[in-house]
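# Commentary on secondary and tertiary structure
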Amino acid sequence: MSTLELEPRTTALVLIDLMPRIIALDTAPLTGPAVLERSAALAKATRAAGGLVVNVRVERPDVDVQPEGSGFALDPEPGDVEIVKRTVGAFHRTGLDDVLRERGIKTVVLAGIATNFGVESTGRAADEHGYDTVYVTDAMTGLDATAHDFAISYVFPKFGTVCTGTEYVAALSPA
């Protein structure tokens with residue numbers, strides 16, 4: 001990977017499906033709580049640098065009451081954006097693209113659960129919408145380690161930049 005360079009004010013960290021009921025799933029290679037902890041640290045660094053944090057959660061369509069644990073596991077802070085999706089990806093019919101464009105966002109940085117579902121779908125759509133896309137691979141996990149590894153090693157490099165949380169935070173505040 002080449003050196004990652006980011007302009008914090010045009011960067012949005014998009015956290016996918018960090019909800020208690022999803023965090024509790026059997027995931028690999030990381031546990032849901034580990035991804036939550038790493039994502040919280042990334043969100044803190046993003047806010048401190050002047051970037052945008054977007055919290056995304058899924059709701060089941062056409063049901064009166066969502067399953068228990070369907071809220072955000074991280075409490076959104078003032079200035080954060082909250083998106084509710086009803087499909088796998090966070091762009092379809094959610095207004096996410098409009099929100100990002102209104103704020104001048106050019107780079108979408110992805111973390112969350114599950115790597116090869118919500119994260120991958122959102123990343124593909126971000127690319128299709130013309131955003132530079134960054135995948136923070138040690139702040140995401142899959143429902144299966146093999147599928148996770150395939151996504152981060154084969155799929156994501158074709159749609160954007162793959163990095164670690166340490167590399168992402170360093171790019172937010174270059175020396």
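Right above here is the structure, for reference.
What comes next is a walk through the structure. All of these numbers come straight from a predicted model, not from anything done at the bench. (Residues numbered from 1 in each chain as written. Predicted model: local features only at pLDDT ≥ 70, side-chain atom pairs only at ≥ 80, totals over all residues. Heavy atoms only, no water.)

### Let's talk about the overall build of the protein
What the protein contains, in helices and strands, is six helices and six strands. N-terminal to C-terminal, the α/β element order of the protein is β-α-α-β-β-α-β-α-β-α-β-α. For 175 residues, the compact-globule formula gives about 16 Å, and the C-alpha radius of gyration of the protein, at 15 Å, lands near that figure. Principal-axis analysis of the C-alpha atoms places the extent of the protein at approximately 50 × 35 × 30 Å. For the protein, with 175 residues in total, the buried portion stands at 50%. Carbon and sulfur atoms make up 50% of the accessible area of the protein, which amounts to about 8,500 Å² in all. (Helix = DSSP H or I, 4+ residues; strand = E, 2+ residues; numbered from the N terminus. Rg over C-alpha atoms; globule rule 2.2 N^0.38 Å. Buried < 20%, exposed > 50% of the residue type's maximum accessible area, 1.4 Å probe, protein only. Areas by Shrake-Rupley, 256 points an atom, 1.4 Å probe, with all protein chains shown as cover.)

### Points about the packing of aromatic side chains
By the definition in use, this model includes three aromatic pairs. Look at Phe91 and Tyr131: their rings are 6.0 Å apart centre to centre, the planes differ by 35 degrees, and that puts the pair in the tilted class. Pair noted here: Phe91 is in the loop between strand 3 (81–85) and helix 3 (96–102) and Tyr131 is in the loop between helix 4 (115–128) and strand 5 (132–141), with a separation of 40 residues, a long-range link. The residues Phe91 and Tyr131 share a single accessibility class, namely buried. One cation-aromatic arrangement involves Arg57 over Phe72; the distance from NZ or CZ to the ring centre is 5.6 Å. Of note, Lys158 hangs over the ring of Tyr154, and the distance from its end group to the ring centre comes to 4.3 Å. (Phe/Tyr/Trp six-rings, centres within 6.5 Å; stacked < 30°, edge-to-face > 60°. Lys NZ or Arg CZ within 6 Å of the ring centre and 35° of its normal.)

### A look at the sheet that holds strand 5
Whether parallel or antiparallel, the strands of a sheet pair through hydrogen bonds between backbone atoms. Within the open sheet, the six strands sit side by side as 3-2-1-4-5-6. Their pairing is parallel. Each edge of the sheet is formed by a strand with only one pairing partner; in this case those strands are strand 3 and strand 6 (161–163). On average, each strand axis in the sheet is inclined to that of its neighbour by 25 degrees, with strand direction left out of account. Bridging between strand 4 (residues 107–113) and strand 5 involves six bridges; their strand directions are parallel. Within the sheet, the bridge partner assigned to Ile113 lies in strand 5 and is Thr141. Sitting on the sheet, helix 2 (residues 32–49) touches strand 1 (11–16), strand 2 (52–58), strand 4 and strand 5, and the angle it makes with strand 5 is about 140 degrees. In the packing of helix 5 (residues 145–159) onto the sheet, the strands contacted are strand 5 and strand 6, and the crossing angle to strand 5 comes to about 170 degrees. (Pairing = 2+ DSSP bridges. Axes fitted to C-alpha atoms, helices over the stretch in contact; angles between N-to-C directions. Contact = heavy atoms within 4.5 Å.)

### Concerning the side chain of Thr133
Along the chain, Thr133 turns up in strand 5. With a relative accessible area of 3%, Thr133 lands in the buried category. Within the structure, Thr133 has its side chain in polar contact with the backbone oxygen of Tyr131 (distance 3.3 Å). Beyond its immediate chain neighbours, meaning those up to four positions away, Thr133 contacts Val108, Leu110, Gly123, Ala126, Asp127, Phe159, Gly160 and Thr161. (Polar contact = N/O pair within 3.5 Å; in protein donor to acceptor, adjacent residues only side chain to side chain.)

### Topic: the environment of Glu5
Structurally, Glu5 can be placed in the segment before strand 1. The spatial distance from the C-alpha of Glu5 to the C-alpha of Leu172 is 7.5 Å, given a sequence separation of 167 residues.

### Considering the packing of helix 2 against helix 6 (residues 165–172)
Following both chains from N to C, one finds helix 2 and helix 6 inclined at 10 degrees, their axes separated by 10 Å at the closest point. Here helix 2 lies roughly parallel to helix 6, going by the angle between them. Residues Leu42, Ala45, Thr46 and Ala49 of helix 2 form the contact with helix 6, whose participating residues are Gly165, Tyr168, Val169 and Leu172. A per-class count over the contact of helix 2 with helix 6 returns six nonpolar, two polar and no charged. (Parallel < 35°, antiparallel > 145°, perpendicular 65-115°, else oblique. Nonpolar A, V, L, I, M, F, W, Y, C, P; charged D, E, K, R; others polar.)

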